Amino acid sequence: MTEMTLVEAVRAALARAMEDDPAVLLLGEDIGPDGGVFRATEGLWQRFGRDRVRDTPLSEAGLAGAAVGLAVQGFRPVAEIQFQGFIHPALDQIANHAARMRNRTRGRLTCPLVLRAPFGAGVHAPEHHSESIEALFAHIPGLKVVIPSSPAQAYGLLLSAIRDPDPVVFFEPKRLYRASRQEVAEDGAGLPLGRASLLRQGRDLTIVTWGASVKECQEAAQDLAEGGISAEILDLATLKPYDAPAVLASVRKTGRCVIVHEAPRTGGFGAEIAACIAEEALEALLAPVRRVAAPDIIPPLARLEHLYLPGAAQITAAAREVMSWH
């Protein structure tokens, strides 16, 4: 067991995957000698050589296209987009090629690539560096969408993503990169994709969340507990496919649900979860499902981030609101 930050766990998973499988290659802007903008690949260029850790030109479309080409030829590329906000030029390659390759070739070809990108606000970044657009990718058939919230999750989920036969978009909450440390077993074991993590048992209401919002949900659950309200926390970890059975089982137990995400409210993935609960567990609800999310605006600059990000106080207020229904 080694104590790591989340970004160190990402690096450890990349190193283990490259040790285990010579087909694993890393691609990205400044990921070589510089180790990436957040140092997620620091030391890997020196360790594995420039043939397996390749700096690419400043072109997200070219980077994604190269990853698709490598993947269909038997490699397992892991491509890094410096910030999620820069990913849009790569959407053609991701949505129209990587995600469709298995279907297009009737299974003759697969596309085992991973596209990594740091995302989210909270680190005082400028414009185009603070987006949370995970719902856009969850809407694309053929993609898996994974978002770790802890070092142990990052290590295990990234290994599973790299070993998956189909394309995986792996979004890393950058405000958690160095926020805490956790013991991680560097044993090469992956965590299953598509399975939620039960972070806290509760009897009165269910809080469903993922990514960096896990931190505020845990703070809110502690505040609620001091007032006698027992909140259960589910961290989805994978949005596509997400663990609907775990969500429904928890909601049927508690009868109430608050969904929390950092992305803007309209069209956010929380709406999909709320719809699923309405369709499959309406009879169990004791109160309407509530969503706590960012407003429908472009993420503001540093001074206003604290007003943009959903905080523990907002989550607590939503939880108390659903608890007021009898």
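Please refer to the structure placed before this passage.
An account of the accompanying structure is given in this report.

## Thoughts on the sheet that holds strand β5 (residues 114-119)
With mixed pairing, the seven strands of this open sheet are ordered in space as β3-β2-β4-β5-β7-β6-β12. Lying at the two open borders of the sheet, with one neighbouring strand each, are β3 (53-55) and β12 (238-240). In this sheet, adjacent strand axes meet at a mean angle of 20° when their direction is disregarded. Two elements, β5 and strand β7 (residues 168-173), share six bridges in a ladder whose sense is parallel. Along β7, the bridge assignment pairs Val 114 with Val 168. Together, β2 (24-28), β3, β4 (76-80), β5 and β7 form the strand contacts of helix α1 (residues 6-20), whose direction differs from that of β2 by roughly 135°. The strands that helix α7 (residues 151-163) touches are β2, β4, β5, β6 (144-146) and β7; relative to β7, the one it contacts most, it runs at about 160°.

## A word on the environment of Arg 291
Relative to the helices and strands, Arg 291 is located in strand β14 (residues 290-294). With sequence-adjacent residues up to four places away left out, Arg 291 is seen in contact with Ile 259, Arg 265, Gly 270 and Ala 271.

## Here we look at the packing of aromatic side chains
Within the structure shown, the criterion is met by seven aromatic pairs. When the centroid spacing of 5.7 Å and the interplanar angle of 75° are considered together, the rings of Phe 83 and Phe 86 count as edge-to-face. Judged by its relative accessible area of 9%, Phe 83 is buried. Owing to a relative accessible area of 24%, Phe 86 belongs among the partly exposed residues under this scheme. Aromatic ring contacts, followed pair by pair, group Phe 38, Phe 83, Phe 86 and Tyr 177 into a single cluster.

## Notes on the pairing of β2
Most of β2 sits out of view: five of its five residues are buried. By the alternation rule, side chains of β2 split into Val 24, Leu 26 and Gly 28 and Leu 25 and Leu 27, which are all buried. One ladder, built from five bridges, connects β2 with β4; its direction is parallel. Counted as the bridge partner of Leu 26 is Val 78 from β4. Across three bridges, β2 lies against β3 in parallel orientation. Bridge pairing in β3 places Leu 26 opposite Val 53.

## Digging into the environment of Ala 249
Within the secondary structure, Ala 249 is located in helix α9 (residues 244-254). Spatially, the C-alpha atoms of Ala 249 and Ala 125 are 38 Å apart, while their sequence positions differ by 124 residues.

## Focus on the sheet that holds strand β9 (residues 197-200)
If you trace the five strands from one edge of the open sheet to the other, you get β9-β11-β10-β13-β14, paired in mixed fashion. The outermost strands of the open sheet, each flanked by one partner alone, are β9 and β14. Geometrically, the sheet is characterised by an average inter-axis angle of 25° between neighbouring strands, direction not taken into account. Of the pairings in the sheet, the one linking β9 to strand β11 (residues 231-235) comprises three bridges and is antiparallel in character. Note that in β11 the partner of Leu 198 across the bridge is Leu 234. Helix-sheet contacts for helix α8 (residues 213-226) involve β9, β10 (205-209), β11 and β13 (257-264), and the interaxial angle to β11 is about 170°.

Parameters at a glance
- Throughout, a residue's number is its position along its own chain's written sequence, starting from 1.
- Under the rules for a predicted model, residues below a pLDDT of 70 receive no local features and side-chain atom pairs below 80 are neither given nor counted, while totals for whole chains, interfaces and linings still include all residues.
- To obtain the side-chain values, all non-hydrogen atoms of the structure were used and water was disregarded.
- In this analysis, strands are considered paired if DSSP registers two or more bridges between them.
- Only runs of H or I of at least four residues qualify as helices and only runs of E of at least two qualify as strands under DSSP, and these elements are numbered from the N terminus.
- Fitted lines through C-alpha atoms serve as axes, helices being fitted only where they are in contact, and the angles separating the N-to-C directions of these axes extend from 0 to 180 degrees.
- Here, residues are in contact when the closest pair of their heavy atoms is within 4.5 Å.
- Classification of ring pairs uses Phe, Tyr and Trp, with its six-membered ring standing for Trp, and accepts pairs whose centres are within 6.5 Å; under 30 degrees between planes counts as stacked, over 60 as edge-to-face, and the remaining range as tilted.
- Relative accessibility under 20% of the residue-type maximum defines a buried residue, over 50% an exposed one, and the middle range a partly exposed one, all with a 1.4 Å probe and only protein chains included.

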